[in-house]
Amino acid sequence: MAIEAAPDLESGSRPAASLVLRGLAVGPVGPLDLDVSAGEIVCLSGPSGAGKSRLLRAIADLDPHQGEVGLGDAGQQQMPGHRWRAQVMMLPAESQWWFDTVGEHFPAAPIDGLAALGLDAAAGGWEVARLSSGEKQRLALLRLLARRPQALLLDEPCANLDRKATGWVEALLRSRVRDARLPTLWVSHDPDQIARVADRHLCFDGGRLVVAR
Amino acid sequence: MNLIELSWWQLALAAALVLALAVATHLARLGVGRSLLVAALRTTVQLALVGFVLEALFSAATLGWVALMATVMLALAGREVIARQKRPLKGLWAPALGTLSMFVSAFAVTVLTLTVIVGPTPWYEPQYAIPLLGMMLGNTMTGVALGLDRLTDSVWRQRAVIESRLMLGERWQQAVGDARRDAIRSGMIPIINAMAAAGVVSLPGMMTGQILSGTAPALAVKYQILIMFTITAGTGFGTLAAVIAASRRLFDQRERLRLDRLAPPNA
């Protein structure tokens with residue numbers, strides 16, 4: 001496979017590619033055309049119910065939708081659903097945990113990035129039932145990054161975090177996105193955060209995306 | 001075979017006991033007196049009707065009539081499986097899945113038992129075939145209904161977890177694995193418990209009946225063990241087939257969780 005022949009050390013397997021939406025429509029959203037380049041952070045905002053989460057879910061192919069999505073040369077429909085989602089990974093607004101301890105949710109120990117998010121190095125042994133919502137949100141991000149996705153779909157990754165933790169998460173995400181050249185869609189309600197992290201800011205306007213002023 | 005004849009007035013004495021219980025519950029304002037009497041009446045009418053049908057079937061004893069009876073029993077069991085589910089699959093999937101898995105397991109094991117193990121002549125001899133199939137279907141039905149109900153209910157409750165696992169790139173089998181294992185286990189637990197308690201806590205009904213009708217206990221025990229094993233096999237395979245097929249149906253070609261394929265709760 002030609003794609004595998006030139007491994008990118010930062011992202012682990014493939015060279016960086018851009019995320020491309022063509023005529024994507026789901027419910028009241030779209031049809032949308034959008035290109036997110038490798039390493040670019042595009043922030044999405046809009047009133048609740050505008051379809052931000054639905055758009056991310058459609059890109060991750062979790063809901064039936066119309067139109068096409070591609071990552072570089074690879075089309076969403078050309079590979080099984082689980083392989084697509086292993087590359088284009090979505091971080092839901094509310095994290096879910098199904099094993100007893102944190103570490104079991106990670107593909108390998110030790111967990112990478114704990115210190116960068118202000119978490120204890122022993123967090124892998126913590127019981128999920130004792131996590132605060134902020135700890136859950138930060139650990140969910142690490143859990144996702146540990147799987148080495150090729151593109152990120154982030155649904156309010158800092159919703160439950162205080163100012164300090166928000167800063168850690170923004171810094172970690174920006175460095176990962178830049179180093180691994182990940183195309184990133186980032187849903188946020190916070191104009192200050194958008195100003196800090198976004199390369200581009202798009203706003204939902206009646207099912208369409210427009211460039212925010 | 002020297003079973004003591006039982007006449008209707010003797011049954012009336014037993015009925016009087018139920019009536020007395022109904023009066024007592026009425027006086028104690030338990031509010032179950034009415035349903036107690038209705039249930040007692042249903043038992044009498046339903047069993048009397050089945051008695052007539054079986055008498056007719058035993059005298060006719062052709063493969064066609066036995067097959068017809070078996071089909072009716074299967075259809076009723078299939079209906080019961082759906083009725084016992086809180087959120088069945090939409091459309092024809094629920095009856096098809098339940099009935100097909102019971103058909104495959106209960107029918108196959110019954111026919112196998114009749115032809116290879118017990119071996120009456122002819123093999124469909126209704127005296128053997130109908131009670132065997134009845135016990136098989138009754139237990140398989142419970143297993144399939146419990147398994148399917150548990151599966152759809154826990155997938156409904158755990159949809160956020162299952163979708164989170166899908167988002168992390170897991171296959172659908174992995175994402176639904178916990179719910180599926182739980183469902184299969186809960187479908188099989190009643191029969192496992194029944195085997196574990198047989199003879200110690202409870203004397204199984206069929207064995208009791210055979211002993212009452214004059215069969216030597218040693219032979220009755222052999223039959224009971226045979227029935228227990230075949231019921232376990234039928235229930236287990238039926239539950240496995242139904243739960244695996246239903247869990248597949250909850251995901252589409254793109255491995256998306258499709259809860260829109262479940263009907264709203266019917267209660």
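Keep in mind the model is a prediction, meaning the values are calculated, not measured. (Residues numbered from 1 in each chain as written. Chains lettered and ligands numbered in written order. Predicted model: local features only at pLDDT ≥ 70, side-chain atom pairs only at ≥ 80, totals over all residues. Heavy atoms only, no water.)

Consecutive side chains along a regular strand alternate between the two faces of the sheet. Residue and element names in this part refer to chain A. Pairing analysis gives five bridges linking strand S1 (residues 19-26) to strand S4 (residues 66-71), with the strands arranged antiparallel. Residue pairing across strands places Leu21 opposite Val69, the latter belonging to S4. Bridge analysis of S4 against strand S5 (residues 74-75) gives two bridges, and the strand direction is antiparallel. Among the inter-strand pairings, Leu71 is bridged to a residue of S5, identified as Ala74. (Pairing = 2+ DSSP bridges. Helix = DSSP H or I, 4+ residues; strand = E, 2+ residues; numbered from the N terminus.)

All names here are of chain A. A sheet is described by the order of its strands in space; here six strands give the open sequence S6-S7-S8-S3-S9-S10, paired in mixed fashion. Unpaired on one side and paired on the other, strand S6 (88-91) and strand S10 (208-211) mark the two borders of the sheet. For this sheet the average axis-to-axis angle between neighbouring strands, irrespective of direction, equals 25 degrees. Alignment of strand S7 (residues 151-155) against strand S8 (residues 184-187), held across four bridges, turns out to be parallel. What sits directly across from Asp155, in S8, is Val187. Packed on one face of the sheet, helix H1 (residues 52-59) meets strand S3 (41-45), S6, S7, S8, strand S9 (200-205) and S10 and runs near 155 degrees to S7. The strands touched by helix H3 (residues 133-145) are S6 and S7; relative to S6, the strand with the most contacts, the crossing angle is about 175 degrees. (Axes fitted to C-alpha atoms, helices over the stretch in contact; angles between N-to-C directions. Contact = heavy atoms within 4.5 Å.)

Attention now goes to the interface of chain B and chain A. On the side of chain A, 25 residues touch chain B, which itself brings 15 residues to the contact. Carbon and sulfur atoms make up 53% of the area that chain B and chain A hide from each other, which totals about 1900 Å². Three residues, Met167, Leu168 and Arg254 of chain B, lead the burial of chain B against chain A; their summed loss comes to 42% of the area buried on that side. Where Arg256 of chain B meets Asp61 of chain A, a salt bridge forms, and the shortest distance between an N and an O atom there is 2.6 Å. For the pair chain B and chain A, the number of links is 11 residue pairs in polar contact (both at pLDDT 80 or more). Partitioning the side of chain B that touches chain A into residue classes produces five nonpolar, two polar and eight charged. (Buried area = accessible area lost by both parts, 1.4 Å probe. Salt bridge = Lys/Arg side-chain N within 4 Å of Asp/Glu carboxyl O. Polar contact = N/O pair within 3.5 Å; in protein donor to acceptor, adjacent residues only side chain to side chain. Nonpolar A, V, L, I, M, F, W, Y, C, P; charged D, E, K, R; others polar.)

Let's shift gears to the packing of aromatic side chains. In this description, a pair of aromatic rings is defined by centroid distance and the angle of the planes. Applying the stated rule across the entire model yields four aromatic pairs over all chains. Residues Phe103 of chain B and Phe107 of chain B carry aromatic rings whose centres are separated by 4.9 Å and whose planes lie at 45 degrees to one another, so their mutual orientation is tilted. You can see Phe103 of chain B and its partner Phe107 of chain B sitting in helix H4 (residues 93-118), four residues apart, about one turn around the helix. Residues Trp123 of chain B and Tyr124 of chain B carry aromatic rings whose centres are separated by 5.7 Å and whose planes lie at 85 degrees to one another, so their mutual orientation is edge-to-face. Geometry around Trp97 of chain A places Arg143 of chain A over its ring, the cationic atom sitting 4.1 Å from the centre. One Lys or Arg, Arg159 of chain B, reaches over the ring of Trp156 of chain B and ends 4.8 Å from the middle of that ring. (Phe/Tyr/Trp six-rings, centres within 6.5 Å; stacked < 30°, edge-to-face > 60°. Lys NZ or Arg CZ within 6 Å of the ring centre and 35° of its normal.)

Residues and elements named next belong to chain B. Following both chains from N to C, one finds helix H5 (residues 126-157) and helix H10 (residues 217-249) inclined at 35 degrees, their axes separated by 8 Å at the closest point. In terms of crossing hand, the pair formed by H5 and H10 is right-handed. Between H5 and H10, the residues in contact are Tyr128, Leu132, Met135, Met136, Asn139, Thr140, Gly143, Val144, Gly147, Leu148 and Leu151 and Tyr223, Ile227, Thr230, Ile231, Gly234, Thr235, Gly238, Thr239, Ala242, Val243, Ala246 and Ser247, respectively. Grouping the constituent residues of the contact of H5 with H10 by class yields 13 nonpolar, 10 polar and no charged. (Left-handed = near helix turned anticlockwise from the far one by under 90°.)

The subject of this paragraph is the sheet that holds S4 of chain A. Residue and element names in this part refer to chain A. The four strands are arranged S2-S1-S4-S5 in an open sheet whose pairing can be described as antiparallel. Among the strands making up the open sheet, the edge pair consists of strand S2 (29-36) and S5. Where H1 meets the sheet, its contacts fall on S1, S2 and S4, and the angle it forms with S1 comes to roughly 120 degrees.

For the rest of this paragraph, the subject is the pattern of salt bridges. Residues and elements named next belong to chain A. For the structure on display, the rule yields 20 salt bridges over all chains. Linking Glu40 and Arg200 is a salt bridge whose minimum nitrogen-to-oxygen distance equals 2.9 Å. One end of the pair, Glu40, is in the loop between S2 and S3; the other, Arg200, is in strand S9, and 160 residues separate them in sequence. Given the relative accessible area of 12%, Glu40 is considered buried. (Buried < 20%, exposed > 50% of the residue type's maximum accessible area, 1.4 Å probe, protein only.)

For chain A, mean pLDDT is 89; residues scoring 70 or higher make up 92% of the total. Confidence over residues 1-12 of chain A falls short of pLDDT 50; this stretch has 17 contacts with residues more than four positions distant or in other chains. (pLDDT = per-residue confidence, 0-100.)

Before going further, it helps to examine the pairing of S10 of chain A. Residues and elements named next belong to chain A. Here S9 pairs with S10 via four bridges, running antiparallel. Counted as the bridge partner of Asp205 is Arg208 from S10. If you look at the hairpin formed by S9 and S10, you'll find two residues sitting between the two strands, and Gly206 has a positive phi there, around 55 degrees.

Attention shifts here to the environment of Gly49 of chain A. Residues and elements named next belong to chain A. Within the secondary structure layout, Gly49 lies in the loop between S3 and H1. Its relative accessible area of 73% is what places Gly49 among the exposed residues. A sequence separation of 21 residues divides Gly49 from Pro28, and the C-alpha atoms of the two residues are 9.6 Å apart.

Residues and elements named next belong to chain B. Its 21 residues give helix H8 (residues 177-197) an end-to-end C-alpha distance of 30 Å, which sits within 8% of 30 Å, the value for a rise of 1.5 Å per residue. Of all the bends in H8, the largest measures some 35 degrees and sits at Ile189, one to four residues before the proline Pro190. With its phi angle positive at about 85 degrees, Gly199 sits one or two positions after the end of H8. (Expected span 1.5 Å × (residues − 1). Bend = angle between axes of the 7 residues up to and from the residue.)

Here the focus is the confidence of the model for chain B. Residues and elements named next belong to chain B. In the predicted model, chain B carries a mean pLDDT of 90, and the fraction of residues at 70 or more is 99%. Here helix H9 (residues 205-212) is the element of chain B with the lowest mean pLDDT, 85, and helix H6 (residues 159-167) is the one with the highest, 96. Complex prediction metrics read pTM 0.85 and ipTM 0.89.

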